[in-house]
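Here are the chains, one letter per residue:
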Amino acid sequence: MAISTFPVTAHARLPWRARVREMLDRERILGPLFTSPAMILIVLLVAYPFCMALYFSLSNAFIGRPSHFVGLRNFINLWDSDAFQQTFQNAFVFTGFAIAFKIVLGISLALLLNQQLWFKRMIRGMVLLPWVIPTALSVLGWQWMFNSSYSVVNWTGIALGIMDPPGPNWLGQKYYAMTAVVAVNVWRGLPFFAITILAGLVSIPKELYEAAEADGAGPWARFWYVTLPLLKGVLAIVVLFSTIFTFSDFNIVYQLTHGGPINSTHLFATLSRQIGLESGRLGEGAAISLYLFPVLMFVVYAQLKYVRKQAY
Amino acid sequence: MSTMSRRRFVATSTAGLAGILAPRIPPAVGQQREISYLCWNNFAPLMDKKLAEIGTRFTKDTGIKLKIDHIAHAQQPAKYAAEVQTQSGHDLVEMRMHFPWLYEPQLVDVSDLVAQLEKQYGAAISSAKETAHVRGVWRAVPQYHGMFVATYREDLFKKASLKIPDTWEDLYVAGKELKKMGHPVGIPISQNYDTISTAGPILWSFGGLEVDKDGKTVRINSPATEQMLEWYKKMFKDAMDPEVLSWTDASNNESIQQGKSGWIHNPVSAYLIAKQKKLPTADLINHHRTPGGPAGRHDTDVPRHIGIWKFSKNVEPAKEFIKYILGKREVYDEYIMSADAFNLPTYDKLKEHPVLKTDPKYAALSGEGVQYHAYGWPAPPSDKVQLITNSFILPNMVAKAVTGTPTKESVAWAEREMKKILAG
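Calculation notes
Residues numbered from 1 in each chain as written. Chains lettered and ligands numbered in written order. Predicted model: local features only at pLDDT ≥ 70, side-chain atom pairs only at ≥ 80, totals over all residues. Heavy atoms only, no water. Salt bridge = Lys/Arg side-chain N within 4 Å of Asp/Glu carboxyl O. Helix = DSSP H or I, 4+ residues; strand = E, 2+ residues; numbered from the N terminus. Buried < 20%, exposed > 50% of the residue type's maximum accessible area, 1.4 Å probe, protein only. Domains from an automatic or database assignment. Buried area = accessible area lost by both parts, 1.4 Å probe. Polar contact = N/O pair within 3.5 Å; in protein donor to acceptor, adjacent residues only side chain to side chain. 1 Å grid on protein atoms, 1.4 Å probe; cavity = no way out; pocket = protein on both sides within 12 Å on 5 of 7 lines; lining within 4 Å. Points joined across faces, edges and corners; volume = space filled by probe spheres on them. Contact = heavy atoms within 4.5 Å. Patch = residues over 30% accessible without salt bridge, like charges linked within 9 Å, V, L, I, M, F, W, Y side chains within 5 Å. Areas by Shrake-Rupley, 256 points an atom, 1.4 Å probe, with all protein chains shown as cover. Expected span 1.5 Å × (residues − 1). Core = buried A, V, L, I, M, F, W, Y, C linked by side-chain atoms within 4.5 Å.

Undergrad: I would appreciate a short explanation of the pattern of salt bridges in the present structure.
TA: When the charged atoms of two side chains with opposite charge come close together, those side chains can pair. Residue and element names in this part refer to chain B. Inspection of every chain in the model, using the stated rule, returns 30 salt bridges over all chains. For Glu53, the salt bridge identified is with Lys50, shortest N-O distance 3.1 Å. With a gap of three residues between them, Glu53 and Lys50 both fall in helix H3 (residues 45–62), about one helical turn apart. Residue classification places Lys50 among the buried positions, given a relative accessible area of 16%. Each of Lys50, Glu53, Arg57 and Glu334 takes part in a single network of salt bridges with overlapping partners.

This is the structure:
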């Protein structure tokens, strides 16, 4: 008994500074202490709004009025809306095409940037510009380029003889409008893909290429059997992030087409704003924005699992 | 030197603090009353400057400090939703069109103020009453409205000896010639509010409506709607360019200012901006009243009101400000004059406001014989009717029809969508 009480007595005699130092040495205290600021931020800025959105989506919340729990009614009723069905389809078309183009163009650009180029640093910096410029500003530029009367895209196409005057009405016809918003999303998201993949490329040991070359592998074989397998992990992460960002895109569509023509470019975020904020139906608006949450959760789970498998 | 014991110091300071906290009013507020006003970024920027000037004078005259913040009109719904959800923010808010219906339970009853203003200036105009008078109670005070009017190239009409359109059919006749001259009619057919502002009046003047005045029965599927769509189809084919399918709210302004469109339906801003920027087209543009049809001459406008949030702790000072800016005739006149006819008073006796005499091209703005309505008229502007408007069903019905969907199918689609919203 005497032995067991000894440390407590000794501890009590320590000056308070030494006690604090000793406590800080304990991982059990120090760990939570260091992570708590981040946890507080996550709880306040992510968890709380998310829980509120979840609650709204299960209620008939209307701005400034008392709300009641309605279960999954909002999610079920949305299927009756033509605009929502169109939005659901748009989201997959928009994300699918945008991600596919960003993968192909991102790898190509990264391979190009990995070469010994003149002004390499400046070029790498410039590639990041679309990612750095505020979206609202750059989309304004695109809006002018796709302007129905003074489109520089059409002007160039007509001058080169590849378009018949007056050229496509980019933002006024549904397939062209979808092409336009996908193009702007690819333009904006490409630097993220290219620079991240470039980081992956730089980390591939040169010896592997030398060995493959010694075995007689050509450029295509080297890319297929060396580069691509070693980029899989980076690609999975980039695609994961980009899928989430692209599904939840707002600025590009809101500014370029406002969801038109005839709802053909509406995405979940833009429709959610239209219903939830402009019309005051917070419940339905929240349900629209959360509709894909289970799907995205599954995508995140599957891709992270794949990445872990690759890593270990 | 006398000394104070620690115990006495704590007792005295605690008693003092309790005295300050007891009235539950911060001392600074107790000394000077302060209110805040969240206003939109006016499309007539000089009106914002004038508002600031009037605010300064108001503070000098009444001792009530006024803080004015501005916000882009597209951001208003999100900001207002946040203020209502958190029950904090500004005391006074600028409310356009249906906002008083949307935020009804959160707005102070201002019927006393409106009664006083109506006594001074006559009844509030129809669209102002439709949007701010909610279930028998004024939830916001009408202050001004921006109205739609026909804007045309006078030189082109004279050159081709075209008649100023009195009806929408007249516009088709003139529009065909204008298009041949390379200056098509510019009526947007896209997901924006200008499209509704023109499609609504055309529908009404053909005798059609979206929802009945009971607010529950969908009436879009009617021969009048079909006639309206047939009119749009021939206009689109013979008098307009396909670019209208992608137009934003600003496109028709730009088109006539830059010399392309020969006729547009828009507030007077197209002319005002051309005049301010000294564009060559400024001298060529003029206005005429909105065309009518078999069921009369209707138009939409954007009535704008001032509301007071119920959570405000300064309701009385806020009312003081409304009385000051709208109730004092000389201040109200000064405020209206600063907008150069873009925003006009919303009271009957002020319809022929002196601002209309400042430029001969404003003559048509008196809106003689024109009935002004809010979107969705004659249905009361409930949250469901608001959703029908915000879902752009009317513009999309027109867009479907002009891009190849059979008329009946387009109307049936609109009817289905409207019924789903009303049933929801």
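Undergrad: For this particular structure, what's the right way to read the domain arrangement of chain A?
TA: Residue and element names in this part refer to chain A. Considered domain by domain, chain A is made up of domain 1 (2–57) and domain 2 (82–311). For domain 1 versus domain 2, the distance between C-alpha centres works out to 41 Å. When the area that domain 1 buries against domain 2 is broken down by residue, the three leading residues are Phe50, Phe56 and Ser57, summing to 80%. If you look at where domain 1 meets domain 2, you find zero salt bridges. Where domain 1 touches domain 2, the interface holds zero residue pairs in polar contact (both at pLDDT 80 or more).

Undergrad: Got a minute to help me understand the layout of surface pockets in this structure?
TA: With a probe scaled to a water molecule rolled over the atoms, the places where space remains empty come into view. For the second largest pocket, the calculated volume is near 720 Å³. Per element, the largest residue contribution to the lining of the second largest pocket is five residues, and it comes from helix H18 (residues 407–423) of chain B.

Undergrad: Looking at this model, I keep getting lost on the domain arrangement of chain B. Mind explaining?
TA: Interfaces are often described in size by the accessible area the parts lose on coming together. Residue and element names in this part refer to chain B. Along its sequence, chain B is carved into domain 1 (32–147 + 302–363) and domain 2 (149–300 + 364–423). Computed over C-alpha atoms, the centres of domain 1 and domain 2 are 28 Å apart. Interface area for domain 1 against domain 2, summed over the two sides, is near 2,300 Å², with a carbon-plus-sulfur share of 59%. The largest share of the area that domain 1 buries against domain 2 comes from His98, Met147 and Lys361, three residues that together contribute 35% of it. At the boundary of domain 1 and domain 2, one finds two salt bridges. We note a salt bridge from Lys275 to Asp359, for which the minimum N-O separation is 3.1 Å. Linking domain 1 with domain 2 are 16 residue pairs in polar contact (both at pLDDT 80 or more). Put simply, the parts of the chain that give the side of domain 1 that touches domain 2 at least two residues each are helix H5 (99–102) and helix H7 (126–132). Looking at which element gives the most residues to the side of domain 1 that touches domain 2, the answer is H7, with four residues.

Undergrad: What is the right way to read the side chain of Lys319(B) from this model?
TA: Residue and element names in this part refer to chain B. Of note, Lys319 is situated in helix H14 (residues 315–327). Engagement of the side chain of Lys319 in a polar contact is seen with the side chain of Asp112, the distance being 3.2 Å. Among all residues touching Lys319, those that are not within four sequence positions of it are Val108, Asp109, Val110, Asp112, Leu113 and Ile308.

Undergrad: Quick question: what am I supposed to make of the interface of chain A and chain B here?
TA: The interface is formed by 32 residues belonging to chain A together with 36 residues belonging to chain B. For the pair chain A and chain B, the summed buried surface comes to about 2,800 Å²; carbon and sulfur atoms form 50% of the total. Joining chain A to chain B, the criterion identifies one salt bridge. Counting across the chain A and chain B interface gives 20 residue pairs in polar contact (both at pLDDT 80 or more). Put simply, the parts of the chain that give the side of chain A that touches chain B at least two residues each are helix H5 (82–113) and helix H14 (268–278) of chain A.

Undergrad: Teacher, can you tell me more about a nonpolar patch on the surface here?
TA: Residue and element names in this part refer to chain A. A cluster of nonpolar residues, Met39, Ile40, Leu41, Ile42, Leu44, Leu45 and Val46, forms a patch on the protein surface that exposes about 710 Å² of accessible area. Relative to the assigned elements, Ile42 resides in helix H3 (residues 27–57). Judged by its relative accessible area of 44%, Ile42 falls in the partly exposed class.

Undergrad: Even after reading the chapter, I still don't get helix H10 (residues 193–205) of chain B, so can you show me in this structure?
TA: Along an α-helix, residues three or four apart share an orientation, since each turn contains 3.6 residues. Residues and elements named next belong to chain B. With 13 residues, H10 should cover 18 Å at 1.5 Å per step; its first-to-last C-alpha distance of 19 Å lies within 8% of that length. Buried residues dominate H10, accounting for 12 of its 13 residues. Every buried residue of H10 is listed here: Asp194, Thr195, Ile196, Ser197, Thr198, Ala199, Gly200, Pro201, Ile202, Leu203, Trp204 and Ser205. The N-cap residue of H10 is Asn192: its side-chain oxygen and the backbone nitrogen of Asp194 are 3.3 Å apart. Immediately beyond the C-terminal end of H10, within one or two residues, lies Gly207, with a positive phi of roughly 100°.

Undergrad: Explain the nonpolar core here, please?
TA: Nonpolar side chains in soluble globular proteins generally cluster together in the buried interior. All names here are of chain B. Residues Val185, Ile189, Met228, Trp231, Tyr232, Trp263 and Met397 are the most contacted members of the largest nonpolar core, which totals 88 residues. Of all the elements, helix H17 (residues 393–402) adds the most residues to this core, at seven residues. Residues Met47, Ile64, Val114 and Tyr324 belong to the second largest nonpolar core, which totals 63 residues.

Undergrad: Help me understand the environment of Gly55(B) in this model?
TA: Residues and elements named next belong to chain B. The topology assignment puts Gly55 in helix H3. Under the relative-accessibility criterion, Gly55 is labelled buried at 5%. Measuring from C-alpha to C-alpha, the distance between Gly55 and Ile325 comes to 8.6 Å, with 270 residues separating the pair along the chain.

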